[in-house]
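# What the coordinates show
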Amino acid sequence: MEKIKTDRFISFEGIDYSGKTTQIDLLKSFLEGRGFNVFVIREPGGTAISEKIRQLLLDKKNFKMYERAELFLYSAARVQLVVEKIIPMLKKDFFVIADRYVDSTTAYQGYGRRIDLKVIKQINKAATFDIMPNITFYLEIKPGRAYERRNDSAKQTDRLEAAGLEFYKRVFNGYKKISQKNKSFYVLDAEQSVETIHKQILNIITPKIMD
Ligand code: TMP
């Protein structure tokens, strides 16, 4: 595959209820205010096929899904997204902001579901054609605190939610490990105010987009 410029590719990570979506909206508005085109994607989803896969993945009725089947489904949804959206948008010089990307697979399927990390690494590479974000913002919140932020309807919605606190603790520790290995992975305290986190994101991003 031809070389794709990824300097405008940004991803957000965090366990559920870390406040990613709010920060993505704020960053999008900021960048658009500066005259940039911005495209936001949410994983799993973002293409017709990926949205169908999302329904399969998040449906609580599919509790019999084997861990590796889950891994392949997330990755299949990602292949569609990379080819149909991420690559074309980067080629058009858009900022692409991803609400979750490969680090979610490493944290949830690798550390959470305990699938061999070597397998995860290979599949992540294959599913993305090695298109990796320039910057990743990780909104860190302890699983217990994230649980407190959920509303009642969320407590029974999808299959992953049903996985329980122990699962989320492994995911949390997984993100910690990822942050220790990756220089472009910025850890932000998700319990700070929305404005403070947004300012921290801008402080990191502004020098990079001035280049
Ligand atoms: P969200 O749209 O609310 O972020 O929900 C997506 C869920 O899917 C969330 O619980 C994290 C999970 N997930 C994985 O387990 N692996 C992945 O690779 C991705 C992208 C998401």
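This write-up is about the structure you can find in this document.

What counts, and at which threshold
- Each chain has its residues counted from 1, following the order in which its sequence is written.
- The predicted origin of the model limits local features to residues at a pLDDT of at least 70 and limits the giving and counting of side-chain atom pairs to 80 or more, whereas totals for whole chains, interfaces and linings rest on all residues.
- Only heavy atoms go into the side-chain values, all of them from the structure, while hydrogens and water stay out.
- Helical segments are the DSSP runs of H or I of at least four residues, strand segments are the runs of E of at least two, and each set is numbered from the N terminus.
- Atoms considered for the radius of gyration are the C-alpha atoms alone. The globule rule reads 2.2 Å times the number of residues to the power 0.38.
- Burial classes: relative accessible area under 20% of the type maximum marks a residue as buried, over 50% as exposed, and values in between as partly exposed (1.4 Å probe, protein chains only).
- Pairs of residues are marked as contacts when any of their non-hydrogen atoms sit within 4.5 Å.
- Asp and Glu are treated as the negative residues and Lys and Arg as the positive ones, with His and the ends of the chain left uncounted.
- By convention, the charge on Lys lies at NZ, on Arg at CZ, on Asp at CG and on Glu at CD.
- Only buried residues count toward a nonpolar core, which is a set of Ala, Val, Leu, Ile, Met, Phe, Trp, Tyr and Cys residues joined through side-chain atoms within 4.5 Å.
- Throughout this document, a residue counts as near a molecule or strand when at least one of its heavy atoms sits within 4 Å of that molecule or strand.
- Pairs of N or O atoms within 3.5 Å make up the polar contacts considered here, provided that, within protein, one atom can donate a hydrogen while the other can accept it, and that residues adjacent in sequence are counted only when both atoms are side-chain atoms.
- Using the Shrake-Rupley algorithm and a 1.4 Å probe, accessible areas are obtained, with residue cover drawn only from the displayed protein chains.
- One bridge is not enough; two strands pair if DSSP finds at least two bridges between them.
- The axes used here are C-alpha line fits, helices contributing only the stretch in contact, and every angle between their N-to-C directions lies in the interval 0 to 180 degrees.

## Examining the overall build of the chain
When you go through the chain residue by residue, the secondary structure sums to eight helices and five strands. Going from the N terminus to the C terminus, the chain shows its helices and strands as β-α-β-α-α-β-α-α-β-α-α-β-α. For a compact globule of 211 residues, the expected C-alpha radius of gyration is about 17 Å, and the chain comes in at 17 Å, within 12% of that figure. For the chain, the C-alpha atoms occupy an extent of roughly 45 × 40 × 30 Å along the three principal directions. Split into buried and exposed, the 211 residues of the chain put 47% on the buried side. Here the contacts in the chain between residues at least 6 apart in sequence split such that 79% fall between residues at least 24 apart. Across the chain, the centroid of the 37 positively charged side chains sits 3 Å from that of the 27 negatively charged ones.

## Points about the nonpolar core
Ranked by size, the top nonpolar core spans 33 residues in total, and within it Phe12, Ile15, Leu27, Leu31, Tyr108, Phe137 and Tyr175 carry the most contacts. If you list the elements that add at least two residues to this core, you get β1 (9–13), α1 (20–33), β3 (95–99), α4 (102–112), β4 (135–140), α7 (165–181), β5 (185–189) and α8 (194–210). In this structure, Val82, Met89, Val96 and Val102 belong to the second largest nonpolar core, which totals 15 residues.

## Quick word on the site of the ligand
Among the 13 residues in the neighbourhood of the ligand, the closest are listed as Asp16, Tyr74, Arg100, Thr105 and Gln109. A distance of 2.8 Å is found between an oxygen atom of the ligand and a side-chain nitrogen or oxygen belonging to aspartate 16. Considered on its own, the ligand offers 480 Å² of accessible surface; in the complex 90% of this is hidden by protein. Contributions of two or more residues to the shell around the ligand are made by α3 (67–91) and α4.

## Side note on the environment of lysine 3
Inspection of the secondary structure assignment puts lysine 3 in the segment before β1. Using a relative accessible area of 81% as the deciding quantity, one classes lysine 3 as exposed. Between the alpha carbons of lysine 3 and glutamine 23 there is a distance of 29 Å; along the sequence they are 20 residues apart.

## Concerning the sheet that holds β4
Judged by pairing direction, the sheet is parallel, and its five strands sit side by side in the order β2-β3-β1-β4-β5 without closing on themselves. Each edge of the sheet is formed by a strand with only one pairing partner; in this case those strands are β2 (38–42) and β5. For this sheet the average axis-to-axis angle between neighbouring strands, irrespective of direction, equals 20 degrees. As paired strands, β2 and β3 are joined by five bridges and run parallel to one another. Note that in β3 the partner of valine 40 across the bridge is isoleucine 97. Taken strand by strand, α3 contacts β1, β2 and β3, and its axis lies near 160 degrees from that of β2.

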